[in-house]
Amino acid sequence: MQNLAKLADEQLVASYAGGCNEAFDVLLNRYKTKLFGFIFQLVKDKDFADDIFQETFVKAIMTIRQGRYQESGRFGAWLCRIARNLVVDSFRQEKSEASISADDTECDILNRKELADPTVEDNIIDLQIEDDVRRLVRFLPEPQREVLEMRFYRDLSFKEIADLTGVSINTALGRMRYAILNLRRLAKEKQIELTR
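Residues numbered from 1 in each chain as written. Predicted model: local features only at pLDDT ≥ 70, side-chain atom pairs only at ≥ 80, totals over all residues. Heavy atoms only, no water.

1. Comments concerning the pattern of salt bridges
In step 1: Using the criterion set out here, one finds 8 salt bridges in the structure.
In step 2: Taking the shortest distance from any N to any O, the salt bridge between R30 and D9 comes out at 2.6 Å. A residue pair is termed long-range when its members are at least 10 positions apart, and R30 in helix α2 (residues 21-43) and D9 in helix α1 (residues 9-17) qualify at 21 residues.
In step 3: The exposure class of R30 is partly exposed, given its relative accessible area of 32%.
In step 4: Judged by relative accessible area, which is 14%, D9 ranks as buried.
In step 5: A salt bridge links R84 to D131, with the nearest nitrogen and oxygen atoms 3.5 Å apart. Of this pair, R84 sits in helix α4 (residues 75-97) while D131 sits in helix α5 (residues 120-137), and the two are 47 residues apart along the sequence.
In step 6: On the accessibility criterion, R84 (22% relative accessible area) is partly exposed.
In step 7: The class for D131 is partly exposed, based on a relative accessible area of 28%.
In step 8: Salt bridges sharing common partners tie together R84, D131, D132 and R135. (Salt bridge = Lys/Arg side-chain N within 4 Å of Asp/Glu carboxyl O. Helix = DSSP H or I, 4+ residues; strand = E, 2+ residues; numbered from the N terminus. Buried < 20%, exposed > 50% of the residue type's maximum accessible area, 1.4 Å probe, protein only.)

Next comes the structure, spelled out in structure tokens:
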């Protein structure tokens, strides 16, 4: 165990994949505090954080054992990404199972989820969607990416975009339209859900 503690994450992963269970114990000890803190910051509930923490390491074990681990040099970030996805999936499932209450005899038209303030779960899902969109935007052709970023991230009008890029307003609008169509296509190809 003493010698294992000196190994880099990737060496420990390879060692564990090769059958050395102690190598995973070293990885667990190396990242447990940081990972639990990351999860707790997302969910603000110790029991829920414990569940996600355990699920994260189970998923990591399965992925390594199946030979599918490919995150060279970024084991800690990979664990955090697994945990974050598990939190988002859990909140999505909880949200789909939740039902809006109403008395049998009369319905309160103000008792609707869309009228309520967003929950912590909604905020986390929104952050995930924003992160997914930012990653997908990088795959767009430069002219489309430029117009989309100017419109949504810099809040410029299409007239301002046209002036800055030296094209007509119609061209700027066309690029935006194709950017949105391409984002939808990319999300579908990569099986990414862009709505809550």
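We are not done yet, so read on.
2. Brief notes about α2
In step 1: Remark: the principal bend of α2, roughly 50°, maps to Y31.
In step 2: Looking at α2, one finds that the buried residues are A23, F24, V26, L27, Y31, L35, I39, L42 and V43.
In step 3: After α2 finishes, the residue K44 shows a positive phi value of roughly 55°. (Bend = angle between axes of the 7 residues up to and from the residue.)

3. Brief notes about the packing of α1 against helix α3 (residues 46-65)
In step 1: Viewed as axis vectors pointing N to C, α1 and α3 meet at an angle of 70°, and their least axial separation amounts to 9 Å. With respect to α3, the axis of α1 lies roughly perpendicular. Here α1 contributes V13, Y16 and A17 to the contact with α3, which in turn contributes I61, I64 and R65.
In step 2: Partitioning the contact of α1 with α3 into residue classes produces 5 nonpolar, no polar and 1 charged. (Axes fitted to C-alpha atoms, helices over the stretch in contact; angles between N-to-C directions. Parallel < 35°, antiparallel > 145°, perpendicular 65-115°, else oblique. Contact = heavy atoms within 4.5 Å. Nonpolar A, V, L, I, M, F, W, Y, C, P; charged D, E, K, R; others polar.)

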